[in-house]
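Architecture and fold: a report
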Amino acid sequence: MAIMKLDISTTSDEFQRNRQAYEARIADLQARRAAATIGGPERARRLHKERKQLLPRERITALLDPGSPFLEFCQLAGEGLHDGVPPGGSIITGVGIVSGRACMIIANDATVKGGTYYGITCKKHVRAQRFAWQHRLPCITLVQSGGANLPDQPNIFPDEGQFGSIFYNQIRMSAEGIPQIAVVHGPSTAGGAYIPALCDETVIVRNQGAMFLGGPQLVYAATKEEVGVEALGGGEMHSRISGVTDHLAESDSHAIAITRDIVARLGDVPEQKWSISSPLPPRADPAEIYGLISADPKVPTNNRDVIARIVDDSEFHEFKPLYGETLITGFGRIMGFEIGILCNNGVLFSECALKATHFIDLCCKRKIPLLFMADVTGFMVGREAEEGGIAKNGAKMITAMASANVPKYTLIIGNAYGAGYLSMCGRAFRPNAMMMWPNGRSAIMGPDQAANTLAMVKDETHKREGTSWTESEREAYRAPVREEFEGFANAYNFARNTWCDMVIDPLETRNVMALLLDLAGRLPQKHTDFGVLRM
Ligand code: COA
């Protein structure tokens, strides 16, 4: 038993200041989430209810097993990106339990611009599919969408990762036996019609759901044929004549009940393969994390104290505690699930990278999932570091991390800059999920460093051209760069662009990790072959 050191001063001015600052961050997070759950404008929501339709979140609640959690992905996507589009990007995605089985639920929000797809909507839908694919989760899509949001064409139509990828992913998942189910709740045009048409099994709601490649107006414009919504693509027509849909429901609630029955008949639920011990709360109060995280990003946090408030019973079997001390590595449990943790506690040196490589290899051999807790300004620079082979040692760490075929999770708990961010399993390395705490920040480099670097580049230009600038001109040049990098690095900028899956309260970390690990523990375990490790 290795219980971590727990004593900290909770009465110090610094702790109190940090806590106060963090509580303000949590209030801000809650306000943003509340804005995301409302949906579209009041007028659109009223219209929806007048049509006797359930709102998208009501549909999801009805679909889920009562009392079961819903782990929402990219809830704040698109925040502030488009006028009149609330956080969420006109779609809701998340994992929930339906008839005893974990499913990915994807629901259009027709109260937001008719449920049409912006670029960000496509990205969010595709991200949900990728998570579902990786975890072999059936996808249930609750459809009511006008298809492409036409003015955002460049971000929807031509490229991979946009609308076409939604179809591709559906088809490939279906081919791999990952069920694709859709409910057509309302008018669904073009892409909105193809999504259910490409599913394994589709339900449509009578007199509400409709699907067509082109709506009545478009048909008239193209062919002068006059035809109403019901005749063109209503539930009766598709269930009796075209055969595009498989089940005709009388209402939203009936459609949801049919969908729950479909899921109940998908065969055996995959079993949990990991041995899970009885979850124990940390011995130190996790709420103390608020007071531990430095309110000033330039003042480092002692992350050993943070780990003690995350792992079960505050028990942590630390690996190589005396070597490469600015990276903490070790084994612990979260809600009973064993996990290998790599957590920064300062800048990355060669020794840290070597230790990380060794530790990742251990976890791969033992089939233990990895949690990267990122709080790093980068790798050490300078002559001594280069002579010590920081480039090849950093490359070893990145190779080990990228090659590791165990489930991987990234949690940004502080700064995550440059190659430091990437080596701690940044988004490009496809962690199973990436979370940020509200104080999390990530960018190519810190705001001050970016401002200084660009000013130095301009210094050189002045030198070359024989011109000069005053110190105040130099500062005037640096200030907006600093500001831009500050804005970029913000956790909500990452959330807005779907560069992370969720911004979470530190106090939610254990529960979120438990839900994620429960999904990963039901997958077949994989062998890891490492890329060449440069010696
Ligand atoms: N592109 C951009 N905006 C669109 C849109 C589209 N394809 N379809 C709808 N919208 C916008 C509307 O302009 C409106 O915006 P506003 O809230 O700022 O006024 C909002 O979405 C809601 O549309 P509205 O028609 O008022 O709502 P509705 O619930 O009565 O009908 C649809 C929704 C989707 C059935 C209907 O708007 C429609 O048929 N749209 C055309 C769909 C289409 O042909 N898509 C082709 C894609 S390739």
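Look up a bit, the structure's there.
Quick caveat: nothing in here was measured; it's all calculated off a predicted structure. Counting starts from 1 at the beginning of each chain's written sequence and moves along it residue by residue. Local features in a predicted model are, by the rule used here, given only for residues with pLDDT of at least 70; side-chain atom pairs are given and counted only at 80 or more, and totals for whole chains, interfaces and linings are based on all residues. Hydrogens are left out, water is left out, and the side-chain values use all remaining heavy atoms of the structure.

Attention now goes to the sheet that holds strand β2 (residues 91-98). Strand pairing is assigned whenever DSSP identifies at least 2 bridges connecting the two strands. Under the scheme used here, helices are H or I runs from DSSP no shorter than 4 residues and strands are E runs no shorter than 2 residues, and both carry numbers assigned from the N terminus. Here seven strands make up an open sheet; going across it, the order is β1-β2-β3-β4-β5-β7-β9 and the pairing mixed. Every other strand in the sheet has two partners, leaving β1 (70-73) and β9 (247-249) as the edge strands with one partner each. The sheet shows a mean angle of 20° between the axes of neighbouring strands, direction not considered. Sheet topology places strand β4 (residues 139-143) next to strand β5 (residues 180-184); five bridges connect them, and they run parallel. Following the sheet pairing, Thr141 is matched in β5 by Ala182. The contact rule is simple, with two residues in contact once any of their heavy atoms fall within 4.5 Å. Every axis in this analysis is a line fitted to C-alpha atoms, fitted for helices over the stretch in contact. Angles between the N-to-C directions lie between 0 and 180 degrees. Where helix α3 (residues 56-63) meets the sheet, it contacts β1, β2, β3 (101-108) and β4, and its direction lies at approximately 15° from that of β2. The strands touched by helix α20 (residues 509-520) are β1, β2 and β3; relative to β1, the strand with the most contacts, the crossing angle is about 95°.

Summary of the distance rule: residues count as near a molecule or strand when at least one heavy atom falls within 4 Å of that molecule or strand. Taken together, 13 residues form the shell around the ligand, and within it Arg51, Lys113, Gly146, Ala148 and Leu150 come nearest. The backbone of Ala148 places a nitrogen or oxygen atom 2.9 Å from a nitrogen atom of the ligand. Residue-level accessible areas treat just the shown protein chains as cover; the underlying method is Shrake-Rupley with a 1.4 Å probe. When the free accessible area of the ligand is taken as 870 Å², the share hidden by the protein chains comes to 54%. Three classes are used: nonpolar for Ala, Val, Leu, Ile, Met, Phe, Trp, Tyr, Cys and Pro, charged for Asp, Glu, Lys and Arg, and polar for all others, with Gly counted as polar. Partitioning the shell around the ligand into residue classes produces five nonpolar, five polar and three charged. Pairs of N or O atoms within 3.5 Å make up the polar contacts considered here, provided that, within protein, one atom can donate a hydrogen while the other can accept it, and that residues adjacent in sequence are counted only when both atoms are side-chain atoms.

What follows covers the nonpolar core. Membership of the largest hydrophobic core comes to 63 residues, with the highest contact counts inside it found for Met373, Trp437 and Leu516. Take this core: its biggest share by element is seven residues, from α20. Each domain's limits were defined by an automated method or a database of domain assignments. No fewer than three residues from each of domain 1 (39-264) and domain 2 (286-444 + 490-520) sit in this core. Phe379, Cys425, Ala491 and Phe494 belong to the second-largest nonpolar core, a separate cluster that totals 42 residues. Put simply, a nonpolar core is a bunch of buried Ala, Val, Leu, Ile, Met, Phe, Trp, Tyr and Cys residues held in one set by side-chain atoms that sit within 4.5 Å of each other. Think of it in three bands: with a 1.4 Å probe and only protein chains considered, a residue is buried below 20% of the maximum accessible area for its type, exposed above 50%, and partly exposed in between.

It is worth spelling out the pairing of β4 at this point. A regular strand carries its side chains on alternate faces of the sheet. The element β4 is largely enclosed, with a buried count of five among its five residues. Every second residue of β4 is oriented toward a common face, with Cys139, Thr141 and Val143 on one face and Ile140 and Leu142 on the other, all of them buried. Of the pairings in the sheet, the one linking β3 to β4 comprises four bridges and is parallel in character. From the neighbouring strand, Ile106 faces β4, where its bridge partner is Thr141.

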